[in-house]
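# Secondary and tertiary structure notes
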Amino acid sequence: MVSLLRNQKARNALLQVVYVGSLGALVLACAMIARRNLAQQGITSGFDFLYKSTGWDVSFSLLPATANDPYWWYFLIGIINTLFLGSVGLILATVVGTIVGLARTSSNELARLLGRTYVDIFRNIPLILQVFFWYAVITHLPTPRAAHQAFGMLLTSRGLYAPIPNVGGVAFAAAAIAFIGAIALPVWLGRTSRLNRPLGERLGIQLAGAAAALACAVLILAGGRLPGLPLLDFPALQGLNIKGGLRIPPEFSALAVAIAIYGGSYIAEIVRGGFKAVSKGQVEAALSLGLSPWRIFTLVRLPLALRAMLPILANQYVWLIKATTMGIAVGFTDFFMIVALTINHSGQTLEAIGILMAGFLTINLSLAAVFNRINKAIALKGNQLRG
Amino acid sequence: MEMIFVAPPAPGRLEDLKRRFFVTPLQALLSLVSLAIMASLAWKLLNWAVFSAVFTTSGGPEACQAAAGACWSVIAARWRIILFGLYPFEEQWRSALACVTVVVMTVLSCIPAFWTGRRIALVWGAGTALYYVLMKGGVLGLAYVGEEAWGGLALTLFIFVTTCLIGFPLAICLALLRRSELPWISRTTGVIIDSVRSLPLISILFTFAIVLPFALPQWLQGDKLYRVILGSALFFSAYQAEIVRGGMQGVPTGQEEAAMALGMSYWQRIGRILLPQAMRNALPATINQFVISFKETSLVVIVGFFEILASGNAAYGTGEWRFAYVEVYAFIAFIYFVFVFSLSRYGGFLERRMSVGER
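A quick note: this is a predicted structure, and the numbers were derived from the prediction, not measured.

So, about the nonpolar core. Membership of the largest hydrophobic core comes to 136 residues, with the highest contact counts inside it found for F75(A), L129(A), Y131(B), W150(B), L225(B), M248(B) and I332(B). Tallying contributions element by element places helix 7 (residues 152–178) of chain B first for this core, with 15 residues. Apart from the residues within four sequence positions on either side, Y131(B) is in contact with A98(B), T101(B), V102(B), W150(B), A154(B), L155(B) and F158(B). V271(A), F297(A), L313(A) and F371(A) belong to the second-largest nonpolar core, a separate cluster that totals 19 residues.

Rendered as structure tokens:
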């Protein structure tokens, strides 16, 4: 036995077995204790609860929800709410971050100062404090009777009310997809190698593609229109409350604004770093070729900066998606809140935590995969990087 | 032939302004727009925060509500609850002293003379012990105050300090395990680190505070505060482990081979060759991680702790000061800003200093 312990290989094997074994035993012990504790409270383990109806309601949902719906439907609602808030927050934060980041790299001293002040202030205050702040601001807005009005929209303490077309839910979603296609199609048509026409002469095809997708969107909207109602549903005051229109609840706006402002300050730094990474020689070469400032920006600086930015940006996006869980502080029903409510109401603790982990792992891994693909597609190939 | 260099005549004030801000029409427009934004923001802010603000408590909430500007009297009336929470009134000097301890400790660990493993551990160990004695009492004639009465800034700082104190050694352990040559150990550790990193911090805090008691035997559960600190330390260490690992990868393999050739043992190699160099490589990212984790301690408000954010909510949430939420949040934001901004500035300074050394 002693001689076996002197053998390096045997020692290594033993070490691994002890390490993995003790970790496994720890997890197993916790699971068994939890199972016993839950059984004492009369809660059976397993995933059968997913098909029971919840008996409680959600305050915000993109999908139709009633208290009779089963748990798995609620989890779906939660994931979709998280993804929706995440994508709105990411888009807003990217827009804010790009503007501020460009201001910080501009040749104008005052614009740089402005950008820097923004980043210094908002990066150094915790996100949750900003969420609380915007939530307090929005809920202290005037009551529906004294609402701020602009462009047919109403801003009140109960949320932002916007006009919405009178269209069925499925048709609305389909139209939204067609609309996104109208933006994405020209980009794809402009870059793909499948068309045998040179890159510069594709404007016609691009325009036709965009127009076709837009026409699709309009047709779907017209076809899915609810009968007997005007095309646009304007919000209006009725009695003490506001009827009609699309209500964006204060919880959602507070989170979206906070994520946009806080995330924007981080993305601004990433944008600035990306542009700083573009070597001066590249810009000078472009200048000596006689390119205009705009073309230098779009053809030289932006593509090179994007390559430097993407990996860090992917990390930031994962972080921002995880930050949507702060919704629980103000009562936005995101994925995590649904999990927490499930634990409170059904007691299926282990299962709910497992679903939470699986959900976030899936979201993070797919986001990382998308970014890896983009990264690979735009990475400089071969010897372009040398020298 | 002798060359004579003549400096160009120094530009006048106007000339200088023109060159800096109005070279091209576009630049001029940019300057004017930025200037307009800055001037209007500064004016509005100053007007609100200083010129038409109320500073004294003499008029009470009514005088505040009548004023057009900020109502700083809410801070004057409620600063004690914001900073110290529900800590017994006459013992609050202890809470204040504990906060000062943490600040001194942080400042000390920013001085390069303290950057050896033993000294930094000594500073943090002694600082935390002093903090704990001051807050909890029960010895040296100090009255006993249980953790449930801790609150405000003191609690925020305590959670931050203990998170780092537990998380940092754990991070080094995790990084070493992940770098291990034994495949099963490195892979298992990799799975642990990656799964913790992919979860939101709130869900980890929630699990440790509310769910974990189900999965632990009675004698292991401990106070909710310490469970939450453990959860936040785990989260911190998962991120910090990757930073440390990155620092280790920056150490040339020749260094370790040389140490082996000298016949140093594993622990000597790690402690004297690898870690010091790895920590130097990882220093900027580490400071950044400290900054982030200081901001993230604010999340414990969600699992029901009375830290500075919650005590702020309580300070304006009660009846008479209900309208003064902006001022309270501005005050808390300012406190966070002072801590986070000085730490991140220090990080920037270190980074510049180190890049000078590398050239």
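With 31 residues, helix 10 (residues 293–323) of chain A ought to run about 45 Å at 1.5 Å a step, yet its terminal C-alpha atoms sit only 38 Å apart, falling short of that. Where helix 10 of chain A bends most, at L310(A), the angle is about 45°, and the proline P311(A) comes one to four residues later.

Turning to the interface of chain A and chain B, a few remarks are in order. Each partner contributes residues to the interface: chain A has 51 residues there, and chain B has 56 residues. At the boundary of chain A with chain B, total buried surface from both sides reaches about 4,700 Å², with 72% on carbon and sulfur atoms. Considering only the surface of chain A that becomes buried against chain B, Y19(A), L110(A) and N124(A) emerge as the three largest contributors, covering 13% of it. Where chain A packs against chain B, one counts one salt bridge. The partner of R345(B) in a salt bridge is D120(A), and the shortest N-O contact between them spans 3.6 Å. Taken together, the links from chain A to chain B amount to 13 residue pairs in polar contact (both at pLDDT 80 or more). Where the side of chain A that touches chain B is concerned, the elements lending two or more residues are helix 2 (8–40), helix 4 (109–123), helix 5 (127–139), helix 8 (250–277), helix 10, helix 11 (327–330), helix 12 (335–346) and helix 13 (349–378) of chain A. Split by residue class, the side of chain A that touches chain B holds 35 nonpolar, eleven polar and five charged.

Helices that pack against each other are described as a pair by the angle of their axes relative to one another and the distance between those axes. Residues and elements named next belong to chain A. Between helix 3 (residues 71–105) and helix 8, whose axes approach to 5 Å, the crossing angle comes to 40°. Of the possible angle classes, the one that applies to helix 3 and helix 8 is oblique. For the pair helix 3 and helix 8, the crossing hand works out as right-handed. In terms of residue class, the contact of helix 3 with helix 8 is made up of 17 nonpolar, eight polar and three charged.

Reading the values: rules and limits
- Residues numbered from 1 in each chain as written.
- Chains lettered and ligands numbered in written order.
- Predicted model: local features only at pLDDT ≥ 70, side-chain atom pairs only at ≥ 80, totals over all residues.
- Heavy atoms only, no water.
- Core = buried A, V, L, I, M, F, W, Y, C linked by side-chain atoms within 4.5 Å.
- Buried < 20%, exposed > 50% of the residue type's maximum accessible area, 1.4 Å probe, protein only.
- Helix = DSSP H or I, 4+ residues; strand = E, 2+ residues; numbered from the N terminus.
- Contact = heavy atoms within 4.5 Å.
- Expected span 1.5 Å × (residues − 1).
- Bend = angle between axes of the 7 residues up to and from the residue.
- Buried area = accessible area lost by both parts, 1.4 Å probe.
- Salt bridge = Lys/Arg side-chain N within 4 Å of Asp/Glu carboxyl O.
- Polar contact = N/O pair within 3.5 Å; in protein donor to acceptor, adjacent residues only side chain to side chain.
- Nonpolar A, V, L, I, M, F, W, Y, C, P; charged D, E, K, R; others polar.
- Axes fitted to C-alpha atoms, helices over the stretch in contact; angles between N-to-C directions.
- Parallel < 35°, antiparallel > 145°, perpendicular 65-115°, else oblique.
- Left-handed = near helix turned anticlockwise from the far one by under 90°.

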